[in-house]
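# Structural overview
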Protein chains: 4
Amino acid sequence: MRVRPRRDAIIQRLRLEQPRKVKSYRHNVAVHWGDTDPARIVFYPNYFEWFDQSCRLLFDSVGLDWDSLGKKYGVTGVPIVEAKAKFLAPSRFRDEIVVESHISKWNDKTFEVSHVVMNRGIRAVEGYEIRVWAHRHPEDPNRLKAMPIPPEIRAAFE
Amino acid sequence: MRVRPRRDAIIQRLRLEQPRKVKSYRHNVAVHWGDTDPARIVFYPNYFEWFDQSCRLLFDSVGLDWDSLGKKYGVTGVPIVEAKAKFLAPSRFRDEIVVESHISKWNDKTFEVSHVVMNRGIRAVEGYEIRVWAHRHPEDPNRLKAMPIPPEIRAAFE
Amino acid sequence: MRVRPRRDAIIQRLRLEQPRKVKSYRHNVAVHWGDTDPARIVFYPNYFEWFDQSCRLLFDSVGLDWDSLGKKYGVTGVPIVEAKAKFLAPSRFRDEIVVESHISKWNDKTFEVSHVVMNRGIRAVEGYEIRVWAHRHPEDPNRLKAMPIPPEIRAAFE
Amino acid sequence: MRVRPRRDAIIQRLRLEQPRKVKSYRHNVAVHWGDTDPARIVFYPNYFEWFDQSCRLLFDSVGLDWDSLGKKYGVTGVPIVEAKAKFLAPSRFRDEIVVESHISKWNDKTFEVSHVVMNRGIRAVEGYEIRVWAHRHPEDPNRLKAMPIPPEIRAAFE
């Protein structure tokens, strides 16, 4: 017998289908000659540099620049733990691309920032960064210790 | 009736389970001051630049530099379609790191290159690139068309 | 006997003292985290990257993008022959700097582009690039041959 | 009455005319794909990045790494004040170039590092950096104050 889905499962699915609006940032990037390689397309590590820029600009845009976070919460930046990109279409010299970024997932001590690069209306690159909320380790200043993300940080993006 | 697997299928499966030794490349990289950021660690997009270098050096090391591939097979480089990295430990100015690279998976038209960055004996970064064997599209020179990878290319890494 | 300067010489000198207004370009650059080094200031090679961007944007701004120049005049880009910068004050993450560029000198086959980087009203960097108007060498396609700059190119900046 | 120059002044002048052999550093650089641009030659700001690397390696090679200098002498790095390069011949992907660097001039508070890039036996680029021996300014920690270079620093390169 196939059971009916429970009511909270339905609600959960609706949430996924109609996600709460979260704040996003649109970061305009002009592709310069020096960003491109002999194949005349953007050399791919540059996209990760633009992801990094966009992540910081996204935090700045909600009033949470990382220097202030360090002073207020003791975090030492918000270090990268994972980054990935899929390259769907090339970008070229003089293209005006847009990196659209939002926080797509909150975990206890880490979060995921999703980035989509649009170029002339087409999806050129999509990817994400996972970053960790980290303090300097109390026993070893050369190491970091992941810490729970304060709820007001998450709330600032909603 | 469930047939018994044929003998060559068994061998194939054993091969997958006990992978043949494939050729790898060890790429030494000196971390320079300009590779590091105000957190005094490598700015992460640089790792992808070193992945790209290592992938080309791996091909060079088996006698398959991409310029020659273009002339012989008509491929237009071996463009990136996906790249990912996990950052396990930071690297700093003056660290002498090693990027160890090998082709970890062959598909019909794409392949995956795995990269591990070792720093003083510890695993600092691990990641991969997926690249596509591509010709210029016969109907549109601005587009690429994925093509089956010739078996001798794969054989060159074994 | 000391002769009086001729009238056209006087006019020439006045011209030098009161130079004709030439077109310039103001290129806004946001300093990103990844542009700075562990000293928390811009890593200096980046300024030359911004000079290169500004030089191309200056040409674009008068309708002379270098791709079109190649098609119309047969030049193969406008290669760099010399670049210099004086670093007067540091720039930091989040600074919004402006690179102001104009062509400061025309020679027969080369020209000089002057760049000044302003940061919050102070002169942070000043420098120049010298570039050459070059065709592919008729006897060796791997070499370039400097050619006289057409007068309409110079006129476009006045 | 015009005095005759003292003997040690004569020797000093002879020394300047027949310069003592100074220590130099040869920095091998592999030109990677990502260092080149759509013109298929090295994008010129990279040469300044290699100059910066070579300058640090030159100091390291005589046992004067800049981190230790900071601890011993209170200098905050050795910041750049001027950089210049002449581009004599292009370098391309896979070229193995050598940056040869030595300190070409000592002033009271600054010094000049000369760099020559050799590529397959030809002089590809020549240039210099001028750097300043600087402490944090006693009245304003955001500014630097140039200081006399200790004689043992200069002696270490002879």
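So, how was this worked out
- Residues numbered from 1 in each chain as written.
- Chains lettered and ligands numbered in written order.
- Predicted model: local features only at pLDDT ≥ 70, side-chain atom pairs only at ≥ 80, totals over all residues.
- Heavy atoms only, no water.
- Helix = DSSP H or I, 4+ residues; strand = E, 2+ residues; numbered from the N terminus.
- Buried < 20%, exposed > 50% of the residue type's maximum accessible area, 1.4 Å probe, protein only.
- Contact = heavy atoms within 4.5 Å.
- Areas by Shrake-Rupley, 256 points an atom, 1.4 Å probe, with all protein chains shown as cover.
- Least-squares fit on C-alpha atoms with pLDDT ≥ 70 in both.
- Pairing = 2+ DSSP bridges.
- Axes fitted to C-alpha atoms, helices over the stretch in contact; angles between N-to-C directions.
- Buried area = accessible area lost by both parts, 1.4 Å probe.
- Salt bridge = Lys/Arg side-chain N within 4 Å of Asp/Glu carboxyl O.
- Polar contact = N/O pair within 3.5 Å; in protein donor to acceptor, adjacent residues only side chain to side chain.
- Nonpolar A, V, L, I, M, F, W, Y, C, P; charged D, E, K, R; others polar.
- Phe/Tyr/Trp six-rings, centres within 6.5 Å; stacked < 30°, edge-to-face > 60°.
- pLDDT = per-residue confidence, 0-100.
- Parallel < 35°, antiparallel > 145°, perpendicular 65-115°, else oblique.

### Focus on the overall build of chain A
- Counting secondary structure elements, chain A contains four helices and seven strands.
- When the helices and strands of chain A are read in sequence order from the N terminus, they spell out α-β-α-α-β-β-β-β-β-β-α.
- For chain A, the proportion of its 158 residues judged to be buried stands at 47%.
- When contacts within chain A are restricted to residue pairs at least 6 apart in sequence, those whose partners lie at least 24 apart make up 65%.
- If you sum the accessible surface of chain A, you get close to 8,800 Å²; carbon and sulfur atoms cover 51% of it.

### Re the environment of Pro 138 of chain D
- Of note, Pro 138 of chain D is situated in the loop between strand S6 (134-137) and strand S7 (140-146).
- Through-space distance from the C-alpha of Pro 138 of chain D to that of Lys 71 of chain D is 17 Å; in sequence the pair is 67 residues apart.

### Details of the relation of the copies chain A and chain B
- Laying chain A over chain B is done by rotating through 180° and shifting 0.0 Å along the axis; what remains is an RMSD of 0.0 Å. Interpreted geometrically, this transformation is the action of a two-fold axis. Closest approach to the rotation axis within chain A is made by the C-alpha atom of Lys 84 of chain A, at a distance of 2.0 Å.
- Same-surface contact between copies: 100% of interface residues of chain A are shared with the interface of chain B.

### A look at the sheet that holds strand S4 (residues 110-119) of chain B
- In space, the ten strands of this open sheet follow the order S1(A)-S3(A)-S4(A)-S5(A)-S2(A)-S2(B)-S5(B)-S4(B)-S3(B)-S1(B), with antiparallel pairing throughout. Looking at which strands have only one partner, the edges of the open sheet turn out to be strand S1 (24-30) of chain A together with strand S1 (24-30) of chain B. Neighbour-to-neighbour, the strand axes of this sheet turn through a mean angle of 20°, independent of strand direction.
- When strand S2 (residues 80-87) of chain A meets strand S5 (residues 122-132) of chain A, the two strands line up antiparallel, connected through seven bridges. Looking at S5 of chain A, one finds that Lys 86 of chain A is bridged to Glu 126 of chain A.

### Focus on the environment of Leu 69 of chain A
All names here are of chain A.
- Tracing the backbone through its elements, the reader meets Leu 69 in helix H3 (residues 66-73).
- For Leu 69, a relative accessible area of 2% puts it in the buried group.
- Along the chain, Leu 69 and Ile 130 lie 61 residues apart, while their C-alpha atoms are 18 Å from each other.
- Excluding its chain neighbours within four sequence positions, the residues that come into contact with Leu 69 are Phe 59, Leu 64, Gly 74, Val 75, Trp 133 and Ile 153.

### Considering the sheet that holds strand S4 (residues 110-119) of chain D
- Spatially, S1(C)-S3(C)-S4(C)-S5(C)-S2(C)-S2(D)-S5(D)-S4(D)-S3(D)-S1(D) is the arrangement adopted by the ten strands of the open sheet, whose pairing is antiparallel. Edge positions in the open sheet fall to strand S1 (24-30) of chain C together with strand S1 (24-30) of chain D, since each of these has one partner strand only. Taking the axes of each pair of neighbouring strands and ignoring which way they run, one obtains an average angle of 20° across the sheet.
- Each of strand S2 (80-87) of chain C together with S1, strand S2 (80-87), strand S3 (96-106), S4 and strand S5 (122-132) of chain D is contacted by helix H2 (residues 45-61) of chain D, which is oriented at about 65° to S5 of chain D, the strand it contacts most.

### A closer look at the pairing of S2 of chain A
- Along S2 of chain A, six of the eight residues are buried, which leaves the element largely enclosed by surrounding structure.
- Two strands pair when backbone bridges link them, and S2 of chain A and strand S2 (residues 80-87) of chain B are joined in this way by five bridges, in the antiparallel orientation. Following the sheet pairing, Ala 83 of chain A is matched in S2 of chain B by Ala 85 of chain B.

### Comments concerning unusual backbone geometry
- Unusually for a residue other than glycine, Arg 94 of chain A sits at a positive phi of about 85°.
- Looking at the element boundaries, Arg 94 of chain A is found in the loop between S2 and strand S3 (96-106).
- Non-glycine residue Arg 120 of chain B carries a positive phi angle of around 50°.
- In this structure, Arg 120 of chain B sits in the loop between S4 and strand S5 (122-132).
- The exposure class of Arg 120 of chain B is exposed, given its relative accessible area of 68%.

### Considerations on the relation of the copies chain C and chain D
- Laying chain C over chain D is done by rotating through 180° and shifting 0.0 Å along the axis; what remains is an RMSD of 0.0 Å.
- Mapped onto chain D, 100% of the interface residues of chain C are again interface residues, and the two copies thus contact each other with one and the same surface.

### Quick look at the interface of chain A and chain B
- The interface is formed by 20 residues belonging to chain A together with 20 residues belonging to chain B.
- Regarding the contact of chain A and chain B, the summed buried area is about 1,700 Å², with carbon and sulfur atoms giving 59% of it.
- The tally of links between chain A and chain B comes to two salt bridges.
- In this assembly, chain A and chain B are joined by ten residue pairs in polar contact (both at pLDDT 80 or more).
- The greatest single-element share of the side of chain A that touches chain B, amounting to eight residues, is contributed by S2 of chain A.
- For the side of chain A that touches chain B, a count of residues per class yields eleven nonpolar, one polar and eight charged.

### A word on the packing of aromatic side chains
Residue and element names in this part refer to chain B.
- What the rule picks out here adds up to 62 aromatic pairs over all chains.
- Seen in terms of ring centroids, Tyr 44 and Phe 48 are 6.4 Å apart; in terms of plane orientation they differ by 70°. Their pairing is edge-to-face.
- What makes Phe 48 buried here is its relative accessible area of 0%.

### Things to note about the interface of chain C and chain D
- Chain C puts 20 residues into the contact, and the matching count from chain D is 20 residues.
- Across the chain C/chain D interface, buried area totals approximately 1,700 Å², and carbon plus sulfur atoms make up 59% of it.
- It is Phe 43, Tyr 44 and Phe 87 of chain C in chain C that bury the most area against chain D; as a group they hold 30% of the surface buried on that side.
- The tally of links between chain C and chain D comes to two salt bridges.
- A salt bridge links Glu 82 of chain D to Lys 84 of chain C, with the shortest nitrogen-to-oxygen separation between them at 3.4 Å.
- On inspection of chain C and its partner chain D, the count reaches ten residue pairs in polar contact (both at pLDDT 80 or more).
- Secondary structure elements with two or more residues in the side of chain C that touches chain D: helix H2 (45-61), S2 and strand S5 (122-132) of chain C.
- Considering each element in turn, the side of chain C that touches chain D owes the most residues, eight residues, to S2 of chain C.

### Quick word on the confidence of the model for chain A
- For chain A, per-residue confidence averages 90 on the pLDDT scale, and residues scoring 70 or more make up 87% of the total.
- In the predicted complex, the global pTM is 0.88; the interface-specific ipTM is 0.87.

### Description of the packing of H2 of chain C against H2 of chain D
- It is the contact of H2 of chain C with H2 of chain D, at a shortest axis distance of 8 Å, that shows an interaxial angle of 170°. Considered as vectors, H2 of chain C and H2 of chain D are oriented roughly antiparallel to each other. Between H2 of chain C and H2 of chain D, the contacting residues are Pro 45, Phe 48 and Glu 49 of chain C on the first element and Pro 45, Phe 48 and Glu 49 of chain D on the second.
- Its residues placed into classes, the contact of H2 of chain C with H2 of chain D shows four nonpolar, no polar and two charged.

### Digging into the pattern of salt bridges
- Counted by the stated rule, this structure contains 40 salt bridges over all chains.
- The partner of Glu 100 of chain A in a salt bridge is Arg 26 of chain A, and the shortest N-O contact between them spans 2.6 Å. In this pair, Glu 100 of chain A is assigned in strand S3 and Arg 26 of chain A in strand S1, connecting sequence segments 74 residues apart.
- Arg 94 of chain B is the salt-bridge partner of Asp 60 of chain D, the closest N and O atoms lying 2.9 Å from each other. With Asp 60 of chain D in helix H2 and Arg 94 of chain B in the loop between S2 and strand S3 (96-106), the pair connects residues from two separate chains.
- A network of salt bridges, in which partner residues are shared, links Asp 52, Arg 56, Glu 129 and Arg 131 of chain A.

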